[in-house]
Amino acid sequence: MKADFKRCSFLKWDSRNEDCTPPSQEVLGCRTWWLLLLWDSLWKMPSRKYADGEVVMGRWPGSVLYYEVQVTSYDDVAHLYTVKYKDGTELALKESDIRSQSSFKHRKSQSSSSSPSRRSTSRSRSRSPGRPGRGRRRSSSQSREHKDDKKKTIQETSIALPAKPSENNTKRYNGEPENTEKNDTSCIILEQKLKPDLEIKHFEQYSLRSRKDEKKKDEIYSEKKIFTTVKTIEKVPSKTKELEFGGRIGTFMLIFLLPATVFYLLLMCKQDDPSLVNFPPLPALESLWETRVFGIFVLWFFLQALFYLLPIGKVVEGLPLSNGKKLQYRINGFYAFIFTAAAIGILLYFQFELHYLYDHFMQFAVSAAAFSLALSIYLYVRSLKAPEEELAPSGNSGYFIYDFFTGHELNPRIGNFDLKYFCELRPGLIGWVVINLAMLLAEMKIHNLSMPSLSMILVNSFQLLYVVDALWNEEAVLTTMDITHDGFGFMLAFGDLVWVPFVYSLQAFYLVGHPMVISWPVAAAITIVNCIGYYIFRSANSQKNNFRRNPSDPKLANLKFIPTATGKGLLVTGWWGFVRHPNYLGDIIMALAWSLPCGFDHILPYFYVIYFICLLVHREARDEHHCKQKYGLAWERYCQRVPYRIFPYIY
């Protein structure tokens, strides 16, 4: 036997060796099992049409236009392709929203191959002797041909547009803003002009065209249906990978640090010498809780909820969610403020002592903190049953502490009652004004004044203007990060119900125990500072909101912007060409004006300014990161054009 040529195994039997015996039944069964296992794995393997790194044409969400993209990965579970656009934007697309480049070129050539001479020849062959010649009245068949030609032209335009979606997607910024800025809406107008033609119904029972032309027409129509079918791509919520606020350890510490900070500030204001080195004595635990105070706070919360549910005010839609839906919101915050003012007026008329708030201020803060903690627990428990698409993109990490703090569910609702939107402006913001009024009355009673001090009047007036402005422009809050990105958890619940009313009113609370006498010229100067800050804050926000609402408004024709792949524009003129966040600049100037009436004896009244600068710098960093991911290269160009973030020539 030639042993060196023998190759017997359960996978291969070499019949060329005469000494090699056929495999046994056990070996055959093993080979059959292996083949069946291989076939089963191949059968269950999900079909994948496009490979990683392949350059294809991907449809932009909410648009009929296709852009050149590169496939980066594929999700076998959700059956979604992760693609990357030229400007760096990454999106998850379905296979039906992706097409090969060859299909575009092929159909475009087909559409353009029918020259006018060929179409004319086709019409000559199909024209009967009895039909009128050229120059006479068109027949219905000729009208249909004219519409088909128009469809072809429109289709070619739709295919050609993605080749160069915008300047910011095709080449790098070269230091010439005029090449990338636009102050018109030609692209929007072109799309509006094409839409009516793309929506032409396809119906034709009889035609004298040749079969070849009919086949071309059917192909064009099938392509038209793909372009006209606009569906919002449903994004599968992914786990939160980038943890903020120090991650799990940082959020765990903040849950205890935030309430401790509030209580420390309130205890310091009660001190005769509220210096940082003079730590206040801790009160007895039983003195921090009073059931009656907690009942008043709960009554206040549900009173504002009742005002929110009143069928007054307009109903508007928010920004699209990840699943394409838009939630509805009733805009009646200013009406709630008027009703609250009327209720307070009635209480004062019947000689209700509103300075009761000042006497039990610490108990009210503890009650609000307890209520916000209970609300946060309820929000997290109910979020465990919420659908995946309703979870917050920033609070879906899988870590209990982090998701509890940042908020697991994006828009928790009880029916049509939106809990996050309600708490954002109603009980805390309106409560801030009520607390300021209570401090004003307490100052008059404690110091036996016939009228409040000028410092107290300034603080109340400035902050009242701020709250009324927020409620009057309530609709603008729907585009903020708190509503569109952050979930509703302990961070926002504690911030809305405790931090805003009890920390933002710190100046008024401080002036009750530490009165400050200022002259009229000083008061006038402080008023000018506040007016400057308010003007920057309001004009910048109005400019941004008007541009978002209607970019083609003739009043905004002088504004220049950098177009982005999302269809939105980044303003590079006006306040938004001065610094990237001019509304933050106005906010900080106003915060300084609120603290100046308290004098310079202690730093405690300026805690709000210091905290607000830190808050807005941190929020600005979050905005920068979010906008860079959203707008890609266009945001880099905007940052080169507008280098300063908040403070001009400083930061």
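For the structure itself, look to the data block above.
Here is what the cut-offs are and how they apply
- The residue count restarts for each chain, going from 1 along the sequence in the order it is written.
- Per-residue local features of the predicted model are confined to residues with pLDDT of at least 70, and side-chain atom pairs are confined, for both listing and counting, to 80 or more; whole-chain, interface and lining totals are unaffected and use all residues.
- Side-chain calculation: all heavy atoms of the structure are included, whereas hydrogens and water are not.
- Grouping buried Ala, Val, Leu, Ile, Met, Phe, Trp, Tyr and Cys residues that are joined through side-chain atoms within 4.5 Å yields what is termed a nonpolar core.
- Think of it in three bands: residues with accessible area under 20% of the maximum for their type are buried, residues over 50% are exposed, and the middle band is partly exposed, with areas taken using a 1.4 Å probe on protein chains only.
- Here a helix means four or more residues in a row that DSSP labels H or I, a strand means two or more in a row labelled E, and each is numbered from the N terminus.
- In what follows, residue pairs with any heavy atoms lying within 4.5 Å of each other are defined as contacts.
- Grid spacing is 1 Å over the protein atoms alone, the probe is 1.4 Å, and a cavity is where that probe fits but cannot get out, while a pocket is an open set with protein on both sides within 12 Å along at least five of seven lines and lining residues have an atom within 4 Å of a point.
- Grid points are joined across faces, edges and corners, and a volume is the space filled by probe spheres set on the points.
- The classification used treats Ala, Val, Leu, Ile, Met, Phe, Trp, Tyr, Cys and Pro as nonpolar, Asp, Glu, Lys and Arg as charged, and all other residues, Gly among them, as polar.
- Pairing between strands is defined by DSSP: at least two bridges between the two strands are required.
- Polar contact is defined as a pair of N or O atoms within 3.5 Å, subject to the rule that within protein one atom must be able to donate a hydrogen and the other to accept it, and that residues adjacent in sequence are counted only when both atoms are side-chain atoms.

1. Re the nonpolar core
Counting residues in hydrophobic clusters, the biggest one holds 106 residues, and the most contacted among them are Met439, Phe502 and Tyr504. Of all the elements, helix H14 (residues 419-446) adds the most residues to this core, at 16 residues. If we ignore the near neighbours within four places in the chain, the residues touching Tyr504 are Trp432, Gln463, Trp499, Tyr608, Tyr611 and Phe612. Ranked by size, the runner-up nonpolar core spans 17 residues in total, among them Ile562, Leu570, Cys639 and Val642.

2. Thoughts on unusual backbone geometry
The phi dihedral of Phe245 is positive, around 60°, even though this residue is not glycine. Position of Phe245 among the secondary structure elements: in the loop between helix H7 (211-228) and helix H8 (247-269). The phi dihedral of Gln351 is positive, around 60°, even though this residue is not glycine. Residue placement: Gln351 occurs in the loop between helix H10 (333-349) and helix H11 (356-359). The exposure class assigned to Gln351 is exposed, which follows from its relative accessible area of 69%.

3. Some points on the layout of surface pockets
In this approach the atoms are scanned with a rolling probe the size of a water molecule, which exposes any empty space left behind. If you add up the space inside the second largest pocket, you get close to 570 Å³. Taken together, 24 residues form the lining of the second largest pocket, with Ile296, Trp300, Ile344, Leu357 and Val434 sitting closest to its centre. Ranked by residue count, the leading element in the lining of the second largest pocket is helix H9 (residues 291-309), at six residues. Of the residues assigned to the lining of the second largest pocket, the class counts are 19 nonpolar, three polar and two charged.

4. What about the pairing of strand S3 (residues 80-84)?
By the bridge criterion, five bridges tie strand S2 (residues 66-75) to S3 in an arrangement that is antiparallel. Note that in S3 the partner of Gln70 across the bridge is Lys84. Between the antiparallel neighbours S2 and S3 lie four residues, among them His79 with a positive phi of about 60°. For S3 and strand S4 (residues 90-93), the ladder comprises four bridges, and the chain directions are antiparallel. Residue pairing across strands places Lys84 opposite Glu90, the latter belonging to S4.

5. Describing the sheet that holds strand S5 (residues 98-99)
With antiparallel pairing, the five strands of this open sheet are ordered in space as S4-S3-S2-S1-S5. Every interior strand has two partners, whereas the edge strands, S4 and S5, have only one. Here five bridges tie strand S1 (residues 55-59) to S2, and the two strands are oriented antiparallel to one another. Bridging across to S2, Val55 finds its partner in Gln70.

6. Here's the deal with the environment of Glu624
In this structure, Glu624 sits in helix H21 (residues 607-631). Note on Glu624: relative accessible area 10%, which makes it buried. The spacing of Glu624 and Trp635 is 11 residues in sequence and 8.7 Å in space, taken between C-alpha atoms. Other than its neighbours up to four places away in sequence, Glu624 contacts Arg580, His581, Trp635, Cys639 and Arg645. Looking at Glu624, its side chain comes within polar contact range of the side chain of Trp635, at 3.3 Å.

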